[in-house]
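Listed here are the chains, written in short residue letters.
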Amino acid sequence: MRYCFLISNTSSKACPLVISLVLILNGVFISAAQVNLLNKVHIVHLGAKKHDTPELVTKSHYQILEPILGSKEAAQKSIVYNYRHGFSGFAAKLTASQAKNLSAHPEVLCVIPSRTLRSKTTRTFDYLGLLPSSPKGLLHDTRLGSEAIIGIIDSGIWPEAESFKDTGLGPIPQRWKGKCVSGDGFDATKHCNKKLIGAEFYVDSLAAETDGRYDFHADNEYRSARDGVGHGTHVSAIAAGSFVANASYKGLGGGAARGVGPHARIAMYKTCWGKLGCLTPDVLKAIDHSIRDGVDVISISIGADAPAGFEIDTSDVSFGSFHAVMKGIPVVCSAGNEGPNAQTVDNIAPWIITVAATSMDRSFPVPITLGNNITILGEGLNTFPEVGFTDLLLQAELMETSIAQGQIKGKIVLAFTPNNEAIQKADRVLNAGCAGIIYAQSVVDPTVCSGLDVPCAVVDYEFGTDMLYYIETTDVPLAKLSTSKTLVGRPVASRVARFSCRGPNSVSPAILKPDIAAPGVNILSAVPDGYKFMSGTSMSTPIVSGIVGIIRQTRPDWSPAAIRSALVTTAWRTDPSGEPIFSEGATRKLADPFDYGGGLINPEKVTDPGLVYDLGLDDYIHYLCSADYSDNEISQLIGKLNQCPSPRPSMLDFNMPSITIPSLTGEVTVTRTVTNVGAAGSVYKPVVEPPFGIELEVNPKTLVFDSNTTKNTFSVRVRSNHKVNGDFYFGSLCWTDGAHNVTIPVSIRTKILRNYV
C-alpha cells in the first residue's frame, strides 16, 4: 500500500515534479510496498523547507506528528530521522492507520513505506533480471559465463581498465586459438590475461586507403589494439566486464559495475580508427580471424547509413557474417542510430541478429528551479556545479548583437529548437558564454547536451511553454540549474530510444528487422579514463552478444537461428515491471515490432523457449532464391552449385520467428516449422491476436511432439478485410503448452494497388 496525497493548493502538474525532486534529493527512489505490519518505518515527505533554520524545521515535524500519535513523547519515540537541510520531511515508525491519517494532513505530500535497498550495479542487468547472486539461472549455470568467448570488432580496448582484470578467473578455454599482438602502447605479454585473451588490429586497408599517410598520433590513435576512442572499451566492458566496485560517472549511476558475463573472455579485433571509421575490408578480415579463433559470438556495433546494403555484397559485413553463421557462430549487430524514421534499420541480413535500443528504469533528471520556486525536472547528464539563481532569458527574444556583445554571459537561456535556424542560434548562444542552456524540444533528445561545456537540460514543449509563460509574466525571471540526480525504479518508464533505427526492412520487407531490443540509453561502462555514460545501439548490441555467448554454454547444440528464435519468442512486450513500452519519435506511441522486433530481451527465459524456429543452409538458400539472387551468386556464397527451383519460393515462407507480409492483396497462406527443444510429449495450441482488419487461421489446431516427433509444420491463412491501401497493423501468434508461450510478432500491410507508394 502506498499513501500519496496531493496538497490541495498544488496543481496536478506541479505536484509530481516536487515529489520526484524530494525523492531524488534523498538519494534513492522508494517504490510501493505492502504495509500490513504494525510500526513499520515510513518516509513522510513535506516538500520544500518553510523555515531557514534546521531547528525550526525539526520542530515543525513534531507539530505535525504529535496530534496523530497523541503526545510529544510518542512522536519523539517514533521519529527515526529528520530531513531538514535540503528539504523537509521525516522518517517515523507508524502503523498502517497512523500512516493513512498522516497522509491526510494538509502539509504532507506523501507517506511511503520504507523498503530494503540493495547496493546498485550499473543497473542494466538488474533491470533485465540477470543477477549473479541468484542460486539458479543463466549466470549460475555457466559460472558467470567463464567458458564464453566474446569476439568484439570495434575500436580496440584499454587493457588497464579495472573491468578487464582477471581476478578469480580460471584457465583460458582450451579451444581458444587466437592470439594477442603487440603494437604501439600494447605489450601482449603484459596486457593480455585470462580476461582479455585475444587482441589484434587491422591496418592494411587503412594503409591502402590513406596511401600509408594516416597520422595515428594526430588522430589520438595507437597502431595496436589499444583503444584511442573509448568506444571499443565501453562495448567490451558491457559484454564481459569483470566486477568493479564503486563505479560511477562523476557520482552518477554509482554502484558495482559488471558486464553480462563477468567471467566471460574477450577477444578484441580492432578495425576502427579515430575519426576515419571502420573500413569494411579490415572488418571482413576480423570476422575471418574470429571464425578461426573459436569465438562463441561475434559482436559488431558498427554499420552503414541508410539505405541498407544488400546481403551478399562482398565488401559488406553481411557477407562475412553469413560464413560465421554457417560455422555455427552467431553474429550480433547494431540496428543503427539514425532513427526514429521508418526503414532506417541497418544490418538487415536474415542471418544476423539485429539489435534495437531502449531506455531502462534509470534516469538522471536535472532539477530546474524557477524564481517562483516551481521545480521542473529536465533530462540530461549535467555533472557541472549548480548554477545558482540568475537571469532566465528566451533565445527567440535575443538579438544577434546582444549575443555577439556577450550580454548573455552568466545567464541561463531557454531555447526552443523547432528548426535548423534555431539550433544554429543556440550554438551561437553557447559560444557567447551563457551560464547554462535549457533546450525545449517537441521530441526530447538529451544527447544534445553531450559534449557541451556548460550546464544543460532538455524539456518538452509542454514544460518549455510553462517556462515561457513564467518569463513573459515576470519582471525579472530567474532560474537555477542543479546537478543531475540518479533516479532508479518507478516512475521512470522504458522507451524505445529516439535514435534507434526502425523497420520495416527496406531491402527485404518480408524479413522483420530489428530482431530484438536491449537497453542502450545512458549505459555506464569503462573508458580509458574511468567510466562514462554512452548511448546508442552500439551499447545495446554487446548486451545481446554477451547473453548469446553465455547461452551457447548451456545450449551448445543450438544453431544461431535457434538462439535468435529463443530471443524473439521469450522477449518482453512490456518492461520487466509490466508497464507498456513506448516509442520515442515525432509522436509518442506504443512500441511495435518495427521498433523492437520481438520485444525487450528477457535473458532468464531464453534457454527454455519450448519451441524454436530453426534455420539451416537449405533455408538460407530458400531465402536467397526468393530474393532473386542468381544461381551463380548463391553458388559462390555457399561454395557449391545451386539451382533455384522454378517458380522461385516465396519469401513469406522463410522460417523466421515472425510473420511479415508487406503487400497483402486478398489472402495468402504462409508456413512455418517449429522444433521442440523442451520435453518430449509436449502439446501446443495456438493463441492468435490478429492485426486490425486481418483474419488469421492457423492449421493444425494442435502440435504434438513425442519421442519420434521433434518438428512440426503449420500454416497460417491470412486474409485482409481492408478495402484500401493501408499501413502496417500488428498482432501476434503464440503457441502454448501451458508452461511456454512461444510468441512471434505478426505485421501485415494491405496493398490493393501494388507498387504504389
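Placed above this text is the structure.
Note that the coordinates shown come from a computational prediction; the quantities given were computed from them, not determined experimentally.

Undergrad: Sorry, what's going on with the overall build of the chain here?
TA: Each helix and strand in the chain was counted, giving 19 helices and 39 strands. Counting contacts in the chain only where the partners sit at least 6 residues apart, residues at least 24 apart contribute 74% of the total. Here the chain has roughly 31500 Å² of accessible surface; of this, 51% comes from carbon and sulfur atoms.

Undergrad: Got a minute to help me understand the packing of aromatic side chains in this structure?
TA: Describing an aromatic ring pair means giving the distance of the ring centres and the angle of the ring planes. Applying the stated criterion to the full structure yields 18 aromatic pairs. Ring geometry for phenylalanine 364 versus phenylalanine 533: centroids 4.7 Å apart, planes at 55 degrees, classification tilted. With phenylalanine 364 in the loop between β16 (362-363) and β17 (366-370) and phenylalanine 533 in strand β28 (residues 530-534), this residue pair connects regions lying 169 residues apart in the sequence. Cluster of aromatic residues (ring-pair linked, three or more members): Phe322, Trp351, Tyr620, Tyr623 and Phe654. Its guanidinium or amino end placed over the ring of tryptophan 158, arginine 226 lies 4.4 Å from that ring's centre, counting from NZ or CZ. Geometry around tyrosine 222 places arginine 226 over its ring, the cationic atom sitting 5.9 Å from the centre.

Undergrad: Where do I start with unusual backbone geometry in this structure?
TA: Glycine aside, residues mostly have negative phi angles, and peptide bonds mostly take the trans form. Cis peptide bonds are those with omega within 30 degrees of zero, and the linkage from glycine 339 to proline 340 qualifies with 5 degrees. Here the bond from lysine 513 into proline 514 is cis, since omega is 0 degrees, no more than 30 degrees from zero. The backbone of asparagine 373 sits at a positive phi, close to 70 degrees, despite the residue not being glycine. Its location among the elements puts asparagine 373 in the loop between β17 and β18 (375-378). Positive phi is not limited to glycine here, since asparagine 522 has a value of about 50 degrees. Within the element layout of this structure, asparagine 522 appears in the loop between β26 (516-519) and β27 (523-527).

Undergrad: Quick question: what am I supposed to make of the packing of helix α10 (residues 280-293) against helix α11 (residues 317-326) here?
TA: A pair of packed helices is captured by two measures, namely the crossing angle of their axes and the spacing between those axes. In contact at an axis separation of 9 Å, α10 and α11 are set at 5 degrees when each is read in the N-to-C sense. Here α11 runs roughly parallel to α10, going by the angle between their axes. Within the contact between the two elements, α10 uses Val283, Leu284, Ile287 and Ile291 and α11 uses Val317, Phe319, Gly320, Ser321, His323 and Ala324. Of the residues assigned to the contact of α10 with α11, the class counts are seven nonpolar, three polar and no charged.

Undergrad: Looking at this structure, I do not really get the packing of helix α9 (residues 231-240) against helix α15 (residues 537-554). What am I missing?
TA: Two numbers describe how α9 lies on α15: the axes approach to 8 Å, and their chain directions differ by 35 degrees. The way α9 lies across α15 gives a crossing that is right-handed. On α15, the residues that touch His231, His234, Val235, Ile238 and Ala239 of α9 are Ser538, Met539, Pro542, Ile543 and Gly546. Its residues placed into classes, the contact of α9 with α15 shows six nonpolar, four polar and no charged.

Conventions used here
Residues numbered from 1 in each chain as written. Predicted model: local features only at pLDDT ≥ 70, side-chain atom pairs only at ≥ 80, totals over all residues. Heavy atoms only, no water. Helix = DSSP H or I, 4+ residues; strand = E, 2+ residues; numbered from the N terminus. Contact = heavy atoms within 4.5 Å. Areas by Shrake-Rupley, 256 points an atom, 1.4 Å probe, with all protein chains shown as cover. Phe/Tyr/Trp six-rings, centres within 6.5 Å; stacked < 30°, edge-to-face > 60°. Lys NZ or Arg CZ within 6 Å of the ring centre and 35° of its normal. Axes fitted to C-alpha atoms, helices over the stretch in contact; angles between N-to-C directions. Parallel < 35°, antiparallel > 145°, perpendicular 65-115°, else oblique. Nonpolar A, V, L, I, M, F, W, Y, C, P; charged D, E, K, R; others polar. Left-handed = near helix turned anticlockwise from the far one by under 90°.

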